[in-house]
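An overview of the molecular structure
As a plain string of letters, each chain reads:
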Amino acid sequence: MRLPDERDFRSRLRSAAVTARVGLWLGVCFLVCFATGLLSHYAQNPDHPVTFPASPAWGYRVTQGLHVLSGAAAVPLLLVKVWTVYPRLFRRPARGTGRLVLDLLERGSVAVLVAAAVFQLATGLANATTWYPWAFSFRATHYALAWVAIGALLVHVAVKLPVIRGVLGDDVDGTSYDRPAATEPGILSRRGLLRTTWLAAGVAVLANAGSSVPLLRDVSVLGVRSGDGPGGVPINKSAVAAAVTATATHPDWRLSLRNGDRSLDLSRDDLLAQPQHDSELPIACVEGWSASGRWQGVRIRDLLDLVGIPPGSDVVVTSLQESGPYTTTVLHASFADDDRTLLALGLEGETLSLDHGYPARIIAPNRPGVLQTKWVSRIEARA
Ligand SMILES: Nc1nc2c(c(=O)[nH]1)N[C@H]1C(S)=C(S)[C@@H](COP(=O)(O)O)O[C@H]1N2
Ligand SMILES: [Mo]
């Protein structure tokens, strides 16, 4: 068996004229993914050198929705792009040391880019379907590889800029940048291939969009957990899965408020006796779905006042849940002081369901779902 040769690939669809047009949109998707991903990562950091704002309340819902949808659109774009260029893998190595080094550098940067892109899209999609077939931390790895992907992308664009400008300035059927062997007409025209690609990207977006856009739920085969749950809000982790059923329903449950030596324990009835407020706020899961609800409960700021925690303080929220990464979270001052941020006791006028965090949960505006801590047991001033 012999290795394929670049000249074996004869379809004129495999042309830089197609590659660059698909690549342009793939680059746009990657930039959107990168920017929204950085924002999401920052929002989840315990330390915020620059204040993360609580407004607009729907901000994170939109940026995280864009993150998942641009990632979904990138999948067909990447497949088509790689298909159009993959014969170049079998190009003969350049002659002469200088050109060989350049050649290897270019191939190396493309290899890094493709590997990082495939990794990001595959892990991101798996995450959106809540399938974690790996042992590493998703967030740390996805974040680190995002820098690799974007760095390799910038190098790639810089190296290819002359070709990109050449083919984009020319007709899509132009041949000046084609490989000499790429002369055979395909079953599609180049325009036809591009239209099919845009259509595939559109389908990928629609298949995921129902996770955030209620009107699209019925067409979103990949939009998991887009539908039900008490009060129309999906359940992420159930009380059984978090092993909190016994403690969350126990009559001795108290919310413990602490500020150094000062502390106060409140039962659910005590909390219901405090001034109650309504907040219309979304839960926007980092895994891609989001849903809005009308929550009822006590303002976090009012609770902090009870133990003398001054405005401008970050607080730490602890859950009854004993294991897992989200059992304690930092609620930064910008959220803790916001009037819309509640210790929610109800949803849509009903008692909060056990799976939504009964007896009490955090709900704050413009915040990743992972930080909307359920089954809260303690709120204290951050040391
Ligand atoms: N204690 C605790 N709180 C939690 C979680 C959890 O696993 N444990 N999951 C978080 C995540 S990832 C999301 S998206 C929201 C979902 O809230 P819901 O299940 O009420 O929709 O709760 C957050 N609060
Ligand atoms: Mo989540």
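Each value, and the rule that gives it
Residues numbered from 1 in each chain as written. Chains lettered and ligands numbered in written order. Predicted model: local features only at pLDDT ≥ 70, side-chain atom pairs only at ≥ 80, totals over all residues. Heavy atoms only, no water. Near = heavy atom within 4 Å. Polar contact = N/O pair within 3.5 Å; in protein donor to acceptor, adjacent residues only side chain to side chain. Areas by Shrake-Rupley, 256 points an atom, 1.4 Å probe, with all protein chains shown as cover. Phe/Tyr/Trp six-rings, centres within 6.5 Å; stacked < 30°, edge-to-face > 60°. Helix = DSSP H or I, 4+ residues; strand = E, 2+ residues; numbered from the N terminus. Buried < 20%, exposed > 50% of the residue type's maximum accessible area, 1.4 Å probe, protein only. Expected span 1.5 Å × (residues − 1). Contact = heavy atoms within 4.5 Å. Axes fitted to C-alpha atoms, helices over the stretch in contact; angles between N-to-C directions. Parallel < 35°, antiparallel > 145°, perpendicular 65-115°, else oblique. Left-handed = near helix turned anticlockwise from the far one by under 90°. Nonpolar A, V, L, I, M, F, W, Y, C, P; charged D, E, K, R; others polar.

1. A short note on the site of ligand 1
Contacts to ligand 1 come from 18 residues, most closely from Pro234, Gln321, His356, Arg361 and Lys374. One of the backbone nitrogen or oxygen atoms of Asn236 is found 2.6 Å away from an oxygen atom of ligand 1. Lys374 is positioned with one of its side-chain polar atoms (N or O) 2.5 Å from an oxygen atom of ligand 1. The fraction of the free accessible surface of ligand 1 (520 Å²) that becomes covered by protein chains is 96%.

2. A look at the packing of aromatic side chains
Per the stated rule, a full pass over the model turns up 11 aromatic pairs. With centroids separated by 5.3 Å and ring planes inclined at 70°, the aromatic side chains of Phe9 and Tyr86 adopt a geometry described as edge-to-face. On the criterion of sequence distance, the pair formed by Phe9 in the segment before α1 (16–44) and Tyr86 in the loop between α2 (59–85) and α3 (97–128) is long-range, its members being 77 residues apart. The exposure class of Tyr86 is partly exposed, given its relative accessible area of 35%. With centroids separated by 6.4 Å and ring planes inclined at 25°, the aromatic side chains of Phe52 and Phe335 adopt a geometry described as stacked.

3. Looking at α3
The end-to-end C-alpha distance of α3 is 46 Å, a good match for the 46 Å that 32 residues give at a rise of 1.5 Å each. Listed as buried for α3 are Asp103, Glu106, Ser109, Leu113, Ala116, Ala117, Gln120, Leu121, Thr123, Ala126, Asn127 and Ala128. The inward-facing, buried residues of α3 contact α1, α2 and α4 (138–168).

4. Examining the packing of α1 against α4
In the contact formed by α1 and α4, the axes pass within 9 Å of each other and the chain directions differ by 150°. Looking at the two axes, α1 sits roughly antiparallel to α4. Relative to α4, the crossing made by α1 is left-handed. For the pair α1 and α4, contact is made by Ala16, Ala17, Ala20, Arg21, Leu24, Phe30, Leu31, Phe34, Leu38, His41 and Gln44 and by Arg139, Tyr143, Ala146, Trp147, Ile150, Leu153, Val163, Val167 and Leu168, respectively. In terms of residue class, the contact of α1 with α4 is built from 16 nonpolar, two polar and two charged.

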